[in-house]
Amino acid sequence: MEKIIRYICMGALILAAIIASLFLPRRELQTIAQVGGIAIDSKGEKMNVTFEVFEPSVDQPYGKERSIVKTMGKTLEECIENASSSIGKELYVDDAAVLIIGDKDADDLLQEIKRYYREYKQDHIDLLLIKAQNQTAAEIFEGEGKILSTEIAKSMRLMGKSSTIKNLLNGVEPDVFIKGVGEYEIIS
């Protein structure tokens, strides 16, 4: 009788685990485009946002396929929605390694970033924040090759630079600058 009760309990636990696994949140790799980096420039009343996007793969945290998606909108969330619509996949911006602000109208762009991260993304405020120097932010991601945003983030960490969204929300503007086209140079 004791063995029967044990087998029933084990069966119930296995059944409960199977049922619970059906309700776990999953990210379908076919419908997600992960964002490695975000570059924001100003164009009149609108923002011109460039996303460095990579296709996730099962065996790697960052996929091998890198592409650039450009979009325009009045707010950052509108730009994210427009980019998702244009590529037919949901943008997963929580994986972004860096956010680059364009040189032109940087103060207005920083205000929009503050608003967005206060309202929508309070849990992702350790995102590295950099200003482009004498150029548009989108130019940094132009060119072929590696995913630049992860390389930029790695370089900043090795240099001990940590200008983040959290610092911006606390009133400290980024003091790290970047320049280059398809490649980069960090200036502090």
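Definitions and cut-offs
- Residues numbered from 1 in each chain as written.
- Predicted model: local features only at pLDDT ≥ 70, side-chain atom pairs only at ≥ 80, totals over all residues.
- Heavy atoms only, no water.
- Helix = DSSP H or I, 4+ residues; strand = E, 2+ residues; numbered from the N terminus.
- Expected span 1.5 Å × (residues − 1).
- Contact = heavy atoms within 4.5 Å.
- Buried < 20%, exposed > 50% of the residue type's maximum accessible area, 1.4 Å probe, protein only.
- Pairing = 2+ DSSP bridges.

A. Spotlight on helix H3 (residues 106-119). Helix length check: H3, at 14 residues, gives a terminal C-alpha distance of 20 Å against a target of 20 Å (1.5 Å per residue), a fit within 8%. Close packing links the buried residues of H3 with strand S1 (32-43), strand S2 (46-54), helix H2 (76-87), strand S5 (98-101), strand S6 (128-132) and helix H5 (165-169).

B. Summary view of the pairing of S6. Taken across its 5 residues, S6 has 5 buried, putting it largely inside the fold. Of the two faces of S6, the one lined by Leu-128, Ile-130 and Ala-132 and the one lined by Leu-129 and Lys-131 are each fully buried. In this sheet, S6 lies alongside S5 in parallel orientation, the contact comprising 4 bridges. Paired with Ile-100 across the two strands is Ile-130, which belongs to S6. Bridge analysis of S6 against strand S7 (residues 177-179) gives 2 bridges, and the strand direction is parallel. Bridged to Ala-132 within S7 is Ile-178.

C. Broad picture of the environment of Asn-134. With respect to the helices, strands and loops of the structure, Asn-134 is situated in the loop between S6 and helix H4 (148-159). Residues Asn-134 and Ile-178, spaced 44 residues apart in sequence, show a C-alpha to C-alpha distance of 9.2 Å.

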